[in-house]
Amino acid sequence: MSVPTESSAGTIAIRPFTVPVTPEAEIEALRQRIAATRWPEKEPVGDLSQGVQLAAIQALARYWETEYDFGRLEARLSGLPQFMTEIDGLDIHFIHVRSPHDDALPLVITHGWPGSIVEMLNVIGPLADPTAHGGSAEDAFHVVVPSMPGPEVRAAFRSLR
């Protein structure tokens with residue numbers, strides 16, 4: 001959760017954000033909804049010409065219902081410094097990992113649409129601290145990964161150019 005803070009100029013500033021932990025009851029309710037899915041008939045073709053095949057979607061649903069560890073992702077996200085700020089009236093969430101290397105350059109990496117910051121989690125460490133991953137300090141970056149929740153946010157970023 002985040003709490004708005006005001007800067008000395010009276011504008012909304014960058015504020016810390018904490019990933020809220022999903023209560024187990026909500027996760028169980030989601031698993032029950034997945035289990036209760038009413039499936040359509042099997043597709044009449046043996047290829048992907050009519051979209052994803054029923055068996056593939058059912059396998060994915062089974063995984064989410066019985067195996068997916070929601071807490072693991074929450075823990076990964078909670079281990080990263082996260083913030084919120086307001087741009088053009090929209091709250092923008094972002095991860096900001098400062099490199100331990102003094103000469104690191106700033107780097108903003110964004111995900112596509114549809115997508116999420118989860119796609120970037122595996123590159124944050126190697127970019128921010130390359131020496132811990134077999135690289136050299138000269139390759140270090142201060143990494144910023146904004147959440148891009150939809151077309152309205154991309155339009156707001158375009159207006160900043």
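Residues numbered from 1 in each chain as written. Predicted model: local features only at pLDDT ≥ 70, side-chain atom pairs only at ≥ 80, totals over all residues. Heavy atoms only, no water.

(A) Quick peek at the environment of His96. If you trace the backbone, His96 turns up in strand β3 (residues 90-97). Sequence spacing of His96 and Val144 is 48 residues, and the spatial spacing of their C-alpha atoms is 4.5 Å. Not counting the four nearest positions on each side in its chain, His96 is found in contact with Pro81, Phe83, His142, Val143 and Val144. (Helix = DSSP H or I, 4+ residues; strand = E, 2+ residues; numbered from the N terminus. Contact = heavy atoms within 4.5 Å.)

(B) Layout of the packing of aromatic side chains. Evaluated as defined, the whole model comprises five aromatic pairs. Ring centres of Tyr68 and Phe70 lie 4.7 Å apart, and the angle between their planes is 85°; on these two criteria the pair is classed as edge-to-face. Members of the aromatic cluster, joined through ring pairs, are Tyr63, Trp64, Tyr68 and Phe70. (Phe/Tyr/Trp six-rings, centres within 6.5 Å; stacked < 30°, edge-to-face > 60°.)

(C) How the structure looks around the sheet that holds strand β5 (residues 141-146). The strand order across the open sheet built from five strands is β1-β2-β3-β5-β4, with neighbouring strands paired in mixed fashion. Of all the strands in the sheet, just β1 (15-17) and β4 (105-108) have a single pairing partner and so form its edges. Geometrically, the sheet is characterised by an average inter-axis angle of 35° between neighbouring strands, direction not taken into account. Relative to strand β2 (residues 82-87), β1 runs antiparallel, the two being bridged by three bridges. Across the sheet, Pro16 pairs through a bridge with Phe83, a residue of β2. Set on the sheet, helix α4 (residues 121-128) makes contact with β3, β4 and β5; between it and β5 the angle comes to about 160°. (Pairing = 2+ DSSP bridges. Axes fitted to C-alpha atoms, helices over the stretch in contact; angles between N-to-C directions.)

(D) Layout of the pattern of salt bridges. For the structure shown, the criterion picks out two salt bridges. Across the pair Asp91 and Arg15 runs a salt bridge whose closest N-O atoms are separated by 2.6 Å. A residue pair is termed long-range when its members are at least 10 positions apart, and Asp91 in strand β3 and Arg15 in strand β1 qualify at 76 residues. Assessed through its relative accessible area of 3%, Arg15 is described here as buried. Across the pair Glu43 and Lys42 runs a salt bridge whose closest N-O atoms are separated by 3.6 Å. Its relative accessible area of 59% is what places Lys42 among the exposed residues. (Salt bridge = Lys/Arg side-chain N within 4 Å of Asp/Glu carboxyl O. Buried < 20%, exposed > 50% of the residue type's maximum accessible area, 1.4 Å probe, protein only.)

(E) Representation of a nonpolar patch on the surface. Taken together, the side chains of Trp39, Val52, Ile57, Leu60, Tyr63 and Trp64 present a nonpolar region at the surface, about 530 Å² in accessible area. As for its position among the elements, Ile57 is in helix α2 (residues 54-66). A relative accessible area of 34% places Ile57 in the partly exposed class. (Patch = residues over 30% accessible without salt bridge, like charges linked within 9 Å, V, L, I, M, F, W, Y side chains within 5 Å. Areas by Shrake-Rupley, 256 points an atom, 1.4 Å probe, with all protein chains shown as cover.)

(F) Examining the nonpolar core more closely. One finds Val19, Leu77, Ile95, Val97, Ile109, Ile117, Met120, Leu121, Ile124, Ala128, Val143 and Val145 forming the largest nonpolar core, which totals twelve residues. Looking at this core, the elements with two or more residues in it are β3, α4 and β5. Looking at this core, the element that brings in the most residues is α4, giving three residues. (Core = buried A, V, L, I, M, F, W, Y, C linked by side-chain atoms within 4.5 Å.)

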